[in-house]
Amino acid sequence: MAAVLWHSRDRNYKAELKSCCLDAVPLEFGDFHPLKLITVTESKTKKTVRKGSTSSTSSSSSSSIMDPLSSMLDGSDPLSQFVATADPLTCAIMGAGKSNANMDPGKKQREKGEDTAVGNDFEPWSGKRTYILARYTTTEKLSISLFMGSEKGKASSPGSAVSEKVRTRLEELDDLEEGSQKELLNLTQQDYINRIEELNQSLKDAWATDQKVKALKIVIQCSKLLSDTTVIQFYPSKFVLITDILDTFGKLVYERILSMCASSRVSLPGIPIPDNFGPDEVNETAKETCLNWFFKIASIRELISRFYVEVAILKCNTFLSKTGISETLPRLTCMIRGIGDPLVAVYARAYLCKVGMEVAPHLKDNLNKNFFDFLSTFKQIHGETVQNQLAVQRVEIPVYLTLYSPAIDWILQCIAYRAPETLLTEMMDRCKKLGNNALLLNSVMSAFRPEFIAARSMDFIGMIKDCEESGFPKHLLFQSLGLNLALADPPENDRLQILNEAWKVITKLKSPQDYVNCAEVWIEYTCKHFTKREVNTVLSDVIKHLTPDRAFEDAYPQLQSIIAKVLDQFRDFAVLFSMEKFLPFLDMFQKECVKVEVCKSIMNVFIRQQQELTRDPVILNALMHICKTMHDSVNALTLEDEKRSLAILISGFIRVVSFGRDFEQQLSFYVEARSTFCNLEPVLIQLIHSVNQLAMETKKVMKGNHSRKTAAFVRACAAYCFITIPSLTSIFARLNLYLLSGQIALANQCLSQADAFFKAAISLVAEVPKMINIDGKMRTSEGFLLEFLNNFFSTLLMVPDHPEQGVLYLVRGLLNVIQDYIWEDHSDSKVRIYINVLHLLAAASQETYLYHVDKVDSNDNLYGSDPKFLAEINKLAETLIGQILDHLKTLGKDENPADTSVTCATFSSEDNTPNPNAGHATRL
């Protein structure tokens, strides 16, 4: 009677599937459908027609799709209704900043043009600032004067006369001259920078505590430092640090006066004035304060301090008059003529251009005048005073001339911004009149648009040739020319001659560092316009120059840049790797970490660019060498993230290798890859998946009917996987791959190989630890094991029994392992598995199984619903149900689960057939 109750009912899977399907109901065109377009009808709501509107309400409503949400708003949204009913003052406050919306269109367009005079294509000063601080350094000792403060004038009462207050402030300014500063000597470069930062913070603190005179003193003191050129190599960096303080001061003064304008507005008090305000909108108090600042600055005795501080607050002229800035700029330009040191003067011009481009970028004429003033005094650079100064500081003239580059480059960049090509012609003519001065010529090539420079490439090469050998190095000129040619194409007929002329100079350079700097620039031009022959010649020349004395060790960044530029231009890797000198060029990277980074960059580009599968032996040999280099860098100290990134790149290479129908060659490649990349587990996993895919491709080609040769081949694939899987350390990776490989073997009618995979998986289940490491955290493994076992049992339904083994011998063996496995306390995972196995047994007792493997007879065909087979299934089900019921009895009891464990039963067959866990045959 029990056997009848436990026998599963017969299932007609096709009929059940048909009954579960939804009935198809035909949809008529007139019915509603959520994806159907909305039918728009004319709205009857009253709409307000704006003044000046030319379109009719009825036509617009009938031709446009109406928003279903807007129909509930009666023609207007709540915010529009609120504005319509608001009082005029509220409307004015809400419209602050937009008060000029109805202004003259021509005026609005002009203002927009002025605001956008400097666009995103203009490189800001902040981009050059970082480069200057990193480039111009020194190891010599520096000095600085710190402001010590003064107590004079603090005892004056609030009721003092105005004249007394003015006299006190003048005395405070004079106090700077009378020893209120302390000079610090023998400072390192970092100490000097720290002191400058302290002064900048002191300026902000003084301003925040309403000590405006003290703040002015600090700015004057800092600007005086710009007249000091005792450590001349550091002057460009000093200029950057000091002008940061000046910029801060100028911003503080401007914002203070601007706030005074907003706080005292009569019409809209507390509302900021618009950005395009005029002097008429500035109140008298703000104007008086602004004039007071200019008067204070005018009383500064030193020319350099007076100039820099006035330039810092140049924008404040907008509070006084419309033409204030345009009238002040020429006067400030003339003031620079009084600065005797040419280096100090050129940086003063650079600061004037910097501020001018910020506050009045449309006044370009003054910038031109500023630069032409510099050209008229250019001969001072080679004067006796400068030569004596350089002799005292032991600075060579080429080094001294490079100090001018940041300032001249910036001035010319401001002048050349959106300038016509005729200005470049004028500048070239002036360079010729000055004897083709290399310093000026270099700045011209750096400032003007690359298209203009490239079009005149041969003219610039001729001018470079005529430059003097002494002074500014010629290779820097060719470097600047190469940077332009990398961005713009020269005339096609001149390209080869340009390369030959440039390389004649570059290849003669004796300094490896100078040589590689130029080669780094010109390799991009060569790759862009020439074939692999010319690129190979350049790489060969680089190897020739940098191999002696291992000079390449000091040029790794430049060499990496060369590789990156070559990869960027050559998309065909067959052409790239066929270059004779490419791999020898890689061999110059002797430092392992650098070489690995280069190999990673190559692989990244290859995976990104290579869209098609390849079997090219040139590509395969080169990339195998590169991937082996990456793999061999892995050691015990390598981080997991680094291993993961390397494995992703190598796996990407493996996936794009295909030998087409030559499956044996493909398997040989996988065998070689396994021996080469044995230390990276993700790569081994990829190889196992690739070999399984290869077996399935073989089945597809043979349409499931294997020949003797292909049958042997798929067995070889199974053997590859069976040998490789045990080398993995992740136990769940092994379990899943055993199961997957067994499924692949079963699909290819390799029954004995499939049995071996499944038995290995069953034996491995007993070794699953309770806790596993996932992303650095220890977590229980039961959930992963439960998922795997459910998948495993689903597969076992298709697996036919071995003729020499018992009924469902794999299922019994797996149940024995599960029975012996030590589960967590209070866990019901084992009972869940038993319930799922009951599902399996119910499916196995059917006359026809739910799913099969093509050309593999499952147990439904082997046994044909034999009563003995069904009886064995019933016995197994009876044992499982007993185990489940015993577990249910223990639920709710307070006893220790270890003391109330379920009585164990054997799942071995009656004929004592060997099973994977035969040692546990009796446990009652």
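Here the residue numbering is sequential within each chain, running from 1 through the sequence in written order. Where totals are concerned, whole chains, interfaces and linings use all residues; where local detail is concerned, this predicted model gives features only for residues with pLDDT of at least 70, and gives and counts side-chain atom pairs only at 80 or more. The side-chain numbers reported here are obtained from all heavy atoms of the structure, hydrogens and water having been left aside.

**A few points about the pairing of strand β3 (residues 771-774)**
Here is step 1: For the exposure calls, accessible area comes from a 1.4 Å probe over protein chains only, and a residue counts as buried if that area is under 20% of its type's maximum, exposed if over 50%, partly exposed in between. Numbering of helices and strands starts at the N terminus; helices are DSSP runs of H or I of at least 4 residues and strands are runs of E of at least 2. Only one face of β3 is covered, namely the one carrying I772 and I774; the face carrying M771 and N773 has none of its residues buried.
Here is step 2: Note on pairing: DSSP must find at least two bridges between two strands before they are called paired. Pairing of β3 with strand β4 (residues 777-780), which is carried by four bridges, proceeds in the antiparallel orientation. By the bridge assignment for β4, N773 is matched with M778.

**Considerations on unusual backbone geometry**
Here is step 1: Although it is not a glycine, R418 sits at a positive phi angle of roughly 55 degrees.
Here is step 2: Turning to its location among the elements, R418 is positioned in the loop between α19 (405-416) and α20 (421-433).
Here is step 3: In this model, K855 sits at a positive phi of 65 degrees, which is unusual for a non-glycine residue.
Here is step 4: A relative accessible area of 44% places K855 in the partly exposed class.

**Notes on the packing of helix α15 (residues 342-359) against α19**
Here is step 1: To define axes, lines are fitted to C-alpha atoms, for helices over the stretch in contact only, and angles between the resulting N-to-C directions are given on a 0 to 180 degree scale. Running from amino to carboxyl end, α15 crosses α19 at an angle of 35 degrees, the nearest separation of the two axes being 9 Å. The interaxial crossing formed by α15 with α19 has left-handed handedness. Each of V346, Y347, R349, A350, C353, K354 and M357 in α15 lies in contact with α19, whose residues at this interface are P406, A407, I408, W410, I411 and C414.
Here is step 2: Broken down by class, the residue content of the contact of α15 with α19 amounts to 11 nonpolar, no polar and two charged. By convention the crossing between two helices is left-handed if the near helix lies anticlockwise of the far one by an angle smaller than a right angle, and right-handed if it lies clockwise. We call two residues contacting when some pair of their heavy atoms lies within 4.5 Å. Residue classes follow a fixed rule: Ala, Val, Leu, Ile, Met, Phe, Trp, Tyr, Cys and Pro count as nonpolar, while Asp, Glu, Lys and Arg count as charged, and any other residue, Gly among them, counts as polar.

**Some points on a nonpolar patch on the surface**
Here is step 1: Patches here are clusters of residues that have more than 30% relative accessible area and form no salt bridge, with a 9 Å joining cutoff for like charges and a 5 Å cutoff for nonpolar side chains (Val, Leu, Ile, Met, Phe, Trp, Tyr). Residue burial considers only the protein chains on display, and all accessible areas are found by Shrake-Rupley using a 1.4 Å probe. By convention in these notes, a salt bridge is any Lys or Arg side-chain nitrogen within 4 Å of a carboxyl oxygen on Asp or Glu. A surface patch of nonpolar side chains, amounting to about 290 Å² of accessible area, comprises L885, L888 and L891.
Here is step 2: Position of L891 relative to the elements: it lies in the segment after α43 (867-890).
Here is step 3: L891 sits in the exposed class, given a relative accessible area of 52%.

**Here we look at the packing of aromatic side chains**
Here is step 1: The pairing test for Phe, Tyr and Trp rings, Trp by its six-membered ring, is centres within 6.5 Å, and the orientation test on the planes gives stacked under 30 degrees, edge-to-face over 60, and tilted for anything in between. Under the counting rule described, the total for this entry stands at 39 aromatic pairs.
Here is step 2: Their ring planes at 55 degrees and their centres at 5.0 Å tell us that F239 and Y347 sit as a pair that is tilted. Placement of F239 in helix α11 (residues 235-263) and of Y347 in helix α15 is noted, with a sequence separation of 108 residues between them. In this pair, the class of F239 matches that of Y347, namely buried.
Here is step 3: Taken together, F122, W125, Y235, F239, F307, Y308, Y347, Y351, W410 and Y417 form an aromatic cluster joined through their ring pairs.
Here is step 4: Above the plane of the ring of F372 lies R430, whose end atom (NZ or CZ) is 4.0 Å from the centre. Placement of a positive charge over a ring is assigned whenever Lys NZ or Arg CZ falls within 6 Å of the ring centre and within 35 degrees of the normal to the ring plane.

**Some details on the packing of helix α34 (residues 663-676) against helix α36 (residues 708-724)**
Here is step 1: The interhelical angle for the contact between α34 and α36, taken along N-to-C directions, is 10 degrees, at an axis separation of 11 Å. When the axes of α34 and α36 are compared, the pair comes out roughly parallel. In this structure, α34 crosses over α36, and the sense of that crossing is left-handed. Across the interface between the two elements, F663, E664, L667, Y670, V671 and R674 of α34 pack against K709, F713, A716, C717, Y720, I723 and T724 of α36.
Here is step 2: When the residues that make up the contact of α34 with α36 are grouped by side-chain class, the tally is nine nonpolar, one polar and three charged. Comment on the angle field: the value is read as roughly parallel under 35 degrees, roughly antiparallel over 145, roughly perpendicular from 65 to 115, and oblique elsewhere.

**Details of the confidence of the model for the chain**
Low pLDDT marks stretches whose predicted atomic positions should not be read closely.
Here is step 1: A residue's pLDDT is simply how confident the predictor is in it, with values from 0 to 100. Residues with a pLDDT of 70 or more make up 79% of the chain, whose mean pLDDT is 81.
Here is step 2: In the predicted structure, residues 80-116 sits below a pLDDT of 50 and forms 20 contacts with residues beyond four places in sequence or in another chain.
Here is step 3: With pLDDT under 50 throughout, residues 910-924 is counted as low confidence; its partners more than four residues away or in other chains account for 29 contacts.

**Some thoughts on helix α27 (residues 532-546)**
Here is step 1: Between the first and last C-alpha of α27 there are 21 Å, a value that for 15 residues agrees with the 21 Å anticipated at 1.5 Å per step.
Here is step 2: Within α27 the residues assigned to the buried category are E534, V535, N536, V538, L539, D541, V542, I543, H545 and L546.
Here is step 3: In this structure, the buried side of α27 is in contact with α25 (495-506), α26 (512-529), α28 (556-569) and α30 (582-586). Expected helix span is computed as 1.5 Å times (number of residues minus one).

**A few points about the pattern of salt bridges**
Here is step 1: Taken as a whole, this structure holds 29 salt bridges when the rule is applied.
Here is step 2: With its nearest N and O atoms 3.3 Å apart, the salt bridge here joins E198 to R195. Residue E198 and its partner R195 are located together in helix α9 (residues 189-208), separated by three residues, close to a single helical turn.
Here is step 3: We note a salt bridge from K465 to E501, for which the minimum N-O separation is 2.8 Å. You can see K465 sitting in helix α23 (residues 457-466) and its partner E501 sitting in helix α25, a full 36 residues away along the chain.
Here is step 4: Of the residues examined, K465 reaches a relative accessible area of 45% and is grouped as partly exposed.
Here is step 5: Of the residues examined, E501 reaches a relative accessible area of 13% and is grouped as buried.
Here is step 6: Among the charged side chains, a salt-bridge network with shared partners connects D247, K354 and E358.

**Some words on the environment of S223**
Here is step 1: Following the sequence through the fold, S223 ends up in helix α10 (residues 212-224).
Here is step 2: C-alpha of S223 to C-alpha of I304: the two residues are 81 residues apart in sequence and 7.0 Å apart in space.
Here is step 3: Apart from the residues lying within four places of it in its own chain, the contact partners of S223 are I242, L246, I304, S305, Y308 and V309.
Here is step 4: Here S305 takes part through its side chain, which lies 3.3 Å from a polar atom of the side chain of S223. Under the rule applied, a polar contact is a pair of N or O atoms within 3.5 Å (in protein, one hydrogen donor and one hydrogen acceptor; residues adjacent in sequence only if both atoms are side-chain atoms).

**Let's talk about the side chain of K354**
Here is step 1: Tracing the chain through its elements places K354 in helix α15.
Here is step 2: K354 gets classed as buried once you look at its relative accessible area, which sits at 5%.
Here is step 3: Looking at K354, its side chain comes within polar contact range of the side chain of D247, at 2.8 Å.
Here is step 4: If sequence neighbours within four positions are ignored, K354 has contacts with W125, D247 and W410.

**A look at the environment of I626**
Here is step 1: Here I626 is to be found in helix α32 (residues 617-632).
Here is step 2: Separated by 30 residues in sequence, I626 and V596 have C-alpha atoms that sit 8.6 Å apart.
Here is step 3: With sequence-adjacent residues up to four places away left out, I626 is seen in contact with F577, L586, C599, I602 and M603.

**Remarks on the environment of I881**
Here is step 1: With respect to the helices, strands and loops of the structure, I881 is situated in helix α43.
Here is step 2: The spacing of I881 and I835 is 46 residues in sequence and 8.2 Å in space, taken between C-alpha atoms.

**Details of the nonpolar core**
Here is step 1: Among the buried residues, those of types Ala, Val, Leu, Ile, Met, Phe, Trp, Tyr and Cys that are joined through side-chain atoms within 4.5 Å form a nonpolar core. Core analysis: the biggest nonpolar cluster contains 278 residues, and Y400, W522, L559, F653 and F793 have the highest contact counts within it.
Here is step 2: In terms of residue count, α11 provides more of this core than any other element does, 14 residues in total.
Here is step 3: Leave out the neighbours within four places in its chain, and F793 touches V811, L814, L815, I818, I833, V837 and L840.

**Section: the side chain of K699**
Here is step 1: Topologically, K699 is positioned in helix α35 (residues 681-701).
Here is step 2: In this structure K699 is buried but unpaired, with D854 as the nearest side chain of opposite charge at 4.7 Å.
Here is step 3: Contact partners of K699, with chain neighbours within four places excluded, come to G704, H706, A747 and N748. In this tally, Lys and Arg are treated as positive and Asp and Glu as negative; His is ignored, and so are the chain termini.

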